[in-house]
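# Coordinate analysis (summary)
Okay, here's what each chain looks like letter by letter:
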Amino acid sequence: MAATVESAPPESLRERIRRTRGWRMALLLLSPYIVIQIIHQAAPGLFPDFLSKLGDFRFLPDWANEALLYLKDEELLGLFNFKDVTRTVSGWLEYPLDLSEQLLIKGGESFGIGPVPWVVFIVLFTAVGAMIGGWKLAVLAGACSLYLTVFNTFGFGAVPWVVLVGLFIVVGAKLGGPWLAALAGACSLYLAVFDTWEDSMITLSIVFVVAPLAALFGWAAGLAAAKARWFEALLVPVLNVMQSMPHFSYLLPISVFIGIGDEAGAIATIMFAIPPMARLTLLGLRSVPPEVREAGLMSGCTKWQMLWRVEMPAARPQFMVGINQVLMQCFGMTVLASFVGTRGLGLPLLNFLQSLKIGKALEFGVAIVLMAIMLDRLSQAAGARRPEHIDYSKSWLQRHPFWIAGAGVVVGGMVLTRITEHAQVLPKDWTVSTAPFWEEIVDWVQLNLKSPLGYFRDFMIVEVLFPMRDGFQALPWIGLLVLVAAVGWRFGGWRLAAIVATFVAYLAFSGFWIESMETLYLVVAALIVSVVIGVPIGIFASTTDRRYAAVQVVLDTFQVLPSFIYLIPVVMLFRVGPVAALTAIVIYATVPAVRYTMLGLRNVPDDMIEAAEMSGCTRTQVLRKVKFPMAFPEIMLGMNQVLLFGLLLVIISAFIGGIDGLGDDILLARTEQALVGEGIVAGFNVAVIGLTADQLITNYARQRKAQLGID
Amino acid sequence: MISCRDVWKLYGPDPEKFLQQHGGEPSIDAVKESGYIPAVVSASLDVMPGEILVLMGLSGSGKSTLVRCLSRLIEPTSGSVHFGGVDLLAASGKELINIRRHRMGMVFQHFALFPHRTVAENIVFPLEVQGVDSATRQSRADEILTLVGLEGRGGYYPRELSGGQQQRVGIGRSLAVEPDVWFLDEPFSALDPLIRREMQDEFLRLQSVLHKTIVFITHDFSEAIRLADRIAILYEGQIVQIGRAEELVTQPATDYVRAFARDVQRDRILTARSVMGDVGHAAADAGTVDAGAVLREIAPAVLAGTSPMLVVEDGATVGSLTRDAVIDAVWGVSDSEGADSGAR
């Protein structure tokens, strides 16, 4: 024993600390914080006040306010006014938005717009088509946009609902077979039958304009990042911040610089949908196998040929995932965009929710969900398609059944509209509503469950949430900074420690420390509940393939739901306040907790489990001693997602009221322009909280995975 | 056809400067101590027109890097590469593209087919980027499809084919421009053993028709022996030995080469010339064998006779072959030692 100790090289303190784990490690990392807390509590005299609470620093929000006012009112460099520029740019969106709406619902009449935007429009659509689907799709997109131009010039009626439902069915059948056709048919029929058709079509018309633009911008950004390292170094942090800023924060400056209306919502949505597309484009181009690239080089490709004939087509599957993400972001923003006056399904939903007409709100919520699910599945199916050889022994008709069916639907629908007007617009008295039914349920819940729910709510607030909140708010900022820095040092060295310490210091000096803690506490509370619920479900679901598949379907569906939807049932049960918000966050954030637990456990190599079983482990022992330690880094990544999801929803929950924190400031800024700067800083604080957790957890997971030798 | 001299490829910070500081010839230890990764170390070789040169080495030996230096897919740190008289490293981007378009073809380990193109479109891709018109491409695609045995599959997509068929497409693509030099980077390593064997036969068949200059990479010594005119063995970036298979077996330059040569079927490689003894007093009537014949072919005759046979080359008697010499060479008692001494 002594001999081995002697022969081993002397271990530095740093290495010994690095090798410590479990509770010793936790204690070690907590110790500086504990020391600070002890001094703080026991000898307040020794502890200067400014280390615990900073005075009312307002310089950041004030600067932000002034900067915004300057951009709004003054001339930049004495040349132009920033607000004029943004309004001009948003004005360009007016044409396509209007056309798209005419086509889908309003019906067109000839109105004279200069020819230039149309040329741009056609070229744009054709280019996007060429990008994702080669020349065939380019021709199709070009033809469609040309049709739109003609449509606009001479004026036609809107697409009849029968035609659109039929086309969705045909596209579903083409992309994913009978099941997808049935799904697409059912979803689009719901929109018609439940009298949400008009609003749905307005939403869809915005998506038609926003999605291609966001995809194009995101794609261009991703391409530039893939080709120029410096641009990637610039872009990735910007994307990180953009994606962890709450949606509301986008709306604030937009309402100032664009104003209220469809364009504002469209631009906010574009901004929110660009990051995932940019990321996936970058990922796609980076993951083209080096051999394929070499094959291109050895074939004598020029740089240009390399890009367009080798890299772009090879990265197409990732582009399609990106477009799917763009579509999902569009629906995620539907409700939020209505805060800046964007029409569509979101606006009535918002109004019904505010006037507590739950039944109606639910129907519109379901409409958004169904549309999102339909377009999600369709675009996923489109992305999963791989080319197949053409069987020339079949006739032309046999080879193109879906094109023929599509043409049939269009012609048939046109004929039908000549026969009956009902094929053009479904008459009101043919539509149904389940709203009274839901209202009754809500009434029943209010009547019969009022006291148990009320007791639960009050108990939670008084006994759990408020004490927890007070605890968070009593934290001296320097203590949190030291704690976070210690954890950062452990998992990423001095560099990471410096980064996260800077983040915490920013929070302390931002002027929103108390509000940040208020937000953090609610998210942490939700995190705890989500873990308690989500991890067992994940463990349960990971055990057999059938459970796994079933839970996967449920999770995928939840993932598609726009965040705002989660508020509807919660308001039904708890009305307003922190318990309602907590419940909404928990429902929303449990999804990643389950998903990552499941993923981590399923990825444990089979032979490792077999080795444990052959060693005589019981099933619980296998789980506790082998699977769980192996899956732990992945589960921690799940926690990271829970936190990020929670942060986004905690801000949205501010809308239902009754909770303070950053969300409240952002919401307040929405109604008062003078406070927009504060709202932006508050939104930035949310992003910083998210990024701090993200940095710590991803670094931990990377380090631990490397130690375990997983991917 | 290709000749490279003192080609170095180091990975690490500013490797050019490091090489200069050490006068262009640092020792391997110096390279490693300074934290550089030596992928190719002072490699010099010549590929003769029409020969199959196999670069053989285990993974990480630098064989893939070396072949990419020869085609300049990887920029060597120093050294020179001449391709058919052209200084490849001095060629401009445009010249390089031109050389690749007309004079080089390459086959990849994982096929590297373009998933979005049909088999025929993959095959004529090099012609397409040159701007060859589509009618010519079509007829060339048909020719190549026949050549590589994929008639009727032109409209299929790569993922619809088996691994062996996919590599046939890869081979077809690399031959589409009728290149002078053909690089094959472990082309059969990703295939099942039976398919690999079949593809090796196919490769030899193609070469008997096409007579290309070939640089072939493998980590499989038996594959190297089967296909090569000459073999270059690489170890840690260095070319340890270049020679015919027989030379590697009979005169291994290092223990590393010896270790490879140990398990080969010697009777298929060793010729009468390398096993024979002095003419001595062999009886003139014992029969003759050709000096270049491998033992497997002549063993029955030698083993059946009682007296040594004469070894003749170009009509002249150059030595004699005893039963013991053959037995010793093929089944040598103490494995490597015995076999080697017998060979000498």
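Residues numbered from 1 in each chain as written. Chains lettered and ligands numbered in written order. Predicted model: local features only at pLDDT ≥ 70, side-chain atom pairs only at ≥ 80, totals over all residues. Heavy atoms only, no water.

To continue, consider the domain arrangement of chain A. Residue and element names in this part refer to chain A. Here chain A is described as being made up of domain 1 (80–386 + 400–430) and domain 2 (445–474 + 512–711). Taken over C-alpha atoms, the centre of domain 1 sits 30 Å from the centre of domain 2. If you look at the interface, domain 1 gives 33 residues, while domain 2 gives 28 residues. Buried area between domain 1 and domain 2, both sides added, is near 2,800 Å², and the carbon and sulfur share of it is 84%. The largest share of the area that domain 1 buries against domain 2 comes from Phe248, Leu252 and Leu353, three residues that together contribute 21% of it. Here domain 1 and domain 2 share zero salt bridges between them. Of all the elements in the fold, those that place two or more residues in the side of domain 1 that touches domain 2 are helix 10 (229–244), helix 11 (247–257), helix 15 (316–337), helix 16 (346–354) and helix 17 (358–384). Per-element accounting of the side of domain 1 that touches domain 2 gives the leading share, ten residues, to helix 17. Of the residues assigned to the side of domain 1 that touches domain 2, the class counts are 23 nonpolar, eight polar and two charged. (Domains from an automatic or database assignment. Contact = heavy atoms within 4.5 Å. Buried area = accessible area lost by both parts, 1.4 Å probe. Salt bridge = Lys/Arg side-chain N within 4 Å of Asp/Glu carboxyl O. Helix = DSSP H or I, 4+ residues; strand = E, 2+ residues; numbered from the N terminus. Nonpolar A, V, L, I, M, F, W, Y, C, P; charged D, E, K, R; others polar.)

A word on the environment of glycine 134 of chain A. Following the sequence through the fold, glycine 134 of chain A ends up in helix 7 (residues 116–154). According to the relative accessible area criterion, glycine 134 of chain A is partly exposed, its value standing at 30%. (Buried < 20%, exposed > 50% of the residue type's maximum accessible area, 1.4 Å probe, protein only.)

Residue and element names in this part refer to chain A. Between helix 9 (residues 197–227) and helix 14 (residues 303–314), the least distance of the axes is 14 Å, while the angle of their chain directions is 105°. Classified by the angle between their axes, helix 9 and helix 14 sit roughly perpendicular to one another. In this structure, helix 9 uses Trp219, Leu223 and Lys227 to contact helix 14, whose residues at the interface are Leu307, Trp308, Glu311 and Met312. Partitioned by chemical class, the residues of the contact of helix 9 with helix 14 number five nonpolar, no polar and two charged. (Axes fitted to C-alpha atoms, helices over the stretch in contact; angles between N-to-C directions. Parallel < 35°, antiparallel > 145°, perpendicular 65-115°, else oblique.)

Residues and elements named next belong to chain B. Along its sequence, chain B is carved into domain 1 (2–103 + 179–261) and domain 2 (266–343). Inter-centroid distance (C-alpha atoms) of domain 1 to domain 2 is 34 Å. Listed per partner, the contact involves seven residues of domain 1 and seven residues of domain 2. At the junction of domain 1 and domain 2, the tally comes to zero salt bridges. Along the contact surface separating domain 1 from domain 2 lie two residue pairs in polar contact (both at pLDDT 80 or more). When residues of the side of domain 1 that touches domain 2 are traced back to their parent elements, those giving at least two are helix 11 (245–250) and helix 12 (255–261). (Polar contact = N/O pair within 3.5 Å; in protein donor to acceptor, adjacent residues only side chain to side chain.)

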